[in-house]
Every structure is written in structure tokens, then in C-alpha cells.
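Spelled out from the first residue to the last, the chains are:
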Amino acid sequence: MKKILCIVCMLCALTTAKAIDPVRQWGQLQVKGAQLCDQNGQPVVLRGVSLGWHNLWPRFYNKGAVKWLENEWHANVIRAAMGASSVDDHYLENPSFGIECMTPVIDAAIKNKVYVIIDWHSHEMHTAEAKAFFSKMAQKYGKYPNIIYELYNEPINDSWESLKEYAKEIITEIRKYDPDNVILMGCPHWDQDIDLVAASPIEGVSNVMYTVHFYAATHKDYLRDKMKAAVEGGLPVFVSECAGMEASGDGPLNTEEWWKWVNLMEELKVSYACWSLSDKNETCSMLLPRAKACGDWTPDLVKPWGKLVQETMKKNIK
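Presented here is a report on the structure given in the accompanying data block. (Residues numbered from 1 in each chain as written. Predicted model: local features only at pLDDT ≥ 70, side-chain atom pairs only at ≥ 80, totals over all residues. Heavy atoms only, no water.)

**A closer look at the pairing of strand β4 (residues 77-83)**
Inclusion rule: Partly exposed residues are those whose accessible area sits between 20% and 50% of the maximum for their type, while under 20% is buried and over 50% is exposed, using a 1.4 Å probe and protein chains only. Comment: elements are numbered from the N terminus, with helices defined as DSSP H or I runs of at least four residues and strands as E runs of at least two. Seen with its strands pointing away from the viewer, a crossover is right-handed when the path leading from the first strand over the helix to the second is clockwise.
Among the 7 residues in β4, 7 count as buried, and that is most of the element. In β4, alternate side chains face the same way, and those of Val77, Arg79, Ala81 and Gly83 on one face and Ile78, Ala80 and Met82 on the other are all buried. Following the chain from strand β3 (residues 47-51) across helix α3 (residues 63-71) to the adjacent parallel β4, one finds a crossover that is right-handed. One crossover worth recording links β4 to the parallel strand β5 (residues 115-121) by way of helix α4 (residues 95-111), and it is right-handed.

**Structural notes on the sheet that holds strand β8 (residues 208-215)**
Filter applied, for reference: Note on pairing: DSSP must find at least two bridges between two strands before they are called paired. Under this scheme, a helix contributes an axis fitted over its contacting stretch, all axes are lines through C-alpha atoms, and angles between N-to-C directions fall in the 0 to 180 degree range. A contact between two residues is defined here by any heavy atoms of the two lying within 4.5 Å.
The 8 strands are arranged β3-β4-β5-β6-β7-β8-β9-β10 in a closed barrel whose pairing can be described as parallel. For this sheet, the mean inter-axis angle between neighbouring strands, taken without regard to orientation, is 25°. Examined bridge by bridge, strand β9 (residues 237-243) and strand β10 (residues 271-277) share 3 bridges and lie parallel to one another. By the bridge assignment, Cys242 is partnered in β10 with Cys274. Strands in contact with helix α6 (residues 160-175) are β5, β6 (147-150), β7 (183-185) and β8; relative to β7, the strand with the most contacts, it is inclined by about 165°.

**Remarks on the layout of surface pockets**
To keep it simple, the criterion reads: Buried and open spaces are told apart on a 1 Å grid over the protein atoms alone, a cavity being a set of points where a 1.4 Å probe fits but cannot get out and a pocket being an open set with protein on both sides within 12 Å along at least five of seven lines. Residues with an atom within 4 Å of a point are the lining residues. Grid points are joined across faces, edges and corners, and a volume is the space filled by probe spheres set on the points. In this classification, Asp, Glu, Lys and Arg are treated as charged, Ala, Val, Leu, Ile, Met, Phe, Trp, Tyr, Cys and Pro as nonpolar, and every other residue, Gly included, as polar.
One number sums up the size of the largest pocket: a volume of about 410 Å³. It is β8 that contributes the most residues to the lining of the largest pocket, 3 residues altogether. Taken together, the residues of the lining of the largest pocket sort by class into 10 nonpolar, 8 polar and 4 charged.

Put into C-alpha cells, the structure is as follows:
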């Protein structure tokens, strides 16, 4: 009898373990109204971590880091921030290196059944190059439900009308090869003018969401109010980058404002990814330089912001 009970307990444990794998649990994501939903149309909230620029912190672009973030930090989405321009050795200068960094992260996410954001991390518009990149990504990975495409990280000077034209062109290219996976699109002024998007969203597209970015010590009630109004007005929003310090990525953590943001995102069922898994001498880098590349990050290696992210993930894990 004891042996039978042990076997039953083992089977239950295995079932529970499998259930926590995000993609096994939720499958093909879809957007219904303002809400990200699972394959059955039930609301889903993704909570995860963004890697830093691939060309600045390539050492964290590996399968071990992805597995550790999912298993130990409870992240159900990983954002791979491919530096497309702006910073030395970016994708436009060295595309082969960009692909070399992105590939193990995407492959590991698929293997570990976690969602992954393929982020074109740029502050300037490069339509032809982005179109070619996402065409390759969609052809290679479009069959996997793990994939989320982020078309443009933090536009600065582009108007919303020009961004809509850009998005339509890239979306059309992706949909040639991937009819289903969710697509994220940025908005003007560092992903803050979500009110402009709410007033004139892209027409004739499906499974598209719009991104808001915030740094809690800088962006407070005024941006929370804009995001809340957009979501309550029916706009699907995804916070693909956020953190608890100033917009510079430095300065002290403002935990009070951070929890205001987290509580609002949870209330609205808005998904989010925290910035960033890196080891720079700044507040928003989650790890110390002596941290290993592949995980096994003991508490003494995790900086205060990283510990706050861990606390946030653990508190809100479902």
C-alpha cells in the first residue's frame, strides 16, 4: 500500500512540475480585446526578465541563464534584447554575432517551454533591415508557440503615424510565415505615449499588442494613468521593459513606486519583463560582475534590484 501511495505521489509531483512549464500550460497565446490569453481564451499574465543588450552582455545569452531564470526566478518569459543599432558591435554592424547570441536563448526557451521575446532593440527606425531580420526569425521559429516578436524598442523621435506604417510593413512580412504568434509594437517617446496609440491603433491586424516602458522612480502616476486609460479603453498593452530606479537606469530604487506599478499591472492583467540581466555598475543591472554566465546565482551575487525582481516574481507566481 505504501509503495502505491509513493508512486501516486511521484506521479502527482511530475504532473505539477509539468503544469508550471508556461508553454505546456498555456500553449499558443492570443490577444482577445485588451487581454493576452492562452490557447483556450483565458487571461494570461507573463512575468519575466529582459537580458541586457546582446552586444554589451553576450555572456548571458546562453541556455543555462534561460533555464535558471525560469526554474529559480520563476520567469515565464525571457526577453532577448538584440542591440540593433546605437551601441558598438550592434546587429547592423555585425549581424552574424547578433544571430550567434540570439539563437541559444531562443532555442533554450523553446526547449524549456518558456516564452521568449525577440526584441529589435533600437532607438532609430531601420525598416528594411528589421523586415529582413524578422522574416528570418519568422521562417525559422514561427512554428513554435513560444515566440513573441518585438518590432521596435523605444522609438524616440518617430511620429505614431510613421511608426504605424513601419509596423504594418514588418507585420505583413512576419505573417507570411507565422500567422499566429503575438507581435509587440513600441510607441513614441521611449514607449510612453500610449495615449496616441489608443486614439489610433493599427487597423486590420490580429494578435498585436503595444508596449509601455517605465522606470518607477521617474515615471509615476501620469504614465500609470495613461496606461490604465488605454487598457480600460480596450487597447492590448504589454510592458516589455520596466525597472524600479530612474530612467537613466541608475539612482536609488524607489520600491514604493515600483509596487504601485506592479499592483496596477496585476490588476489590469498586463504582462511585463524587468530590465536587465547584466552586470554593469548601475542600479538596473541585476548581477555582480563575478556572477557566472550560466546561472547558479547565489544571493551574494544578486544586486538589490535583482532581489526585488525575484521577490516580485515569487509573490505573483500563479
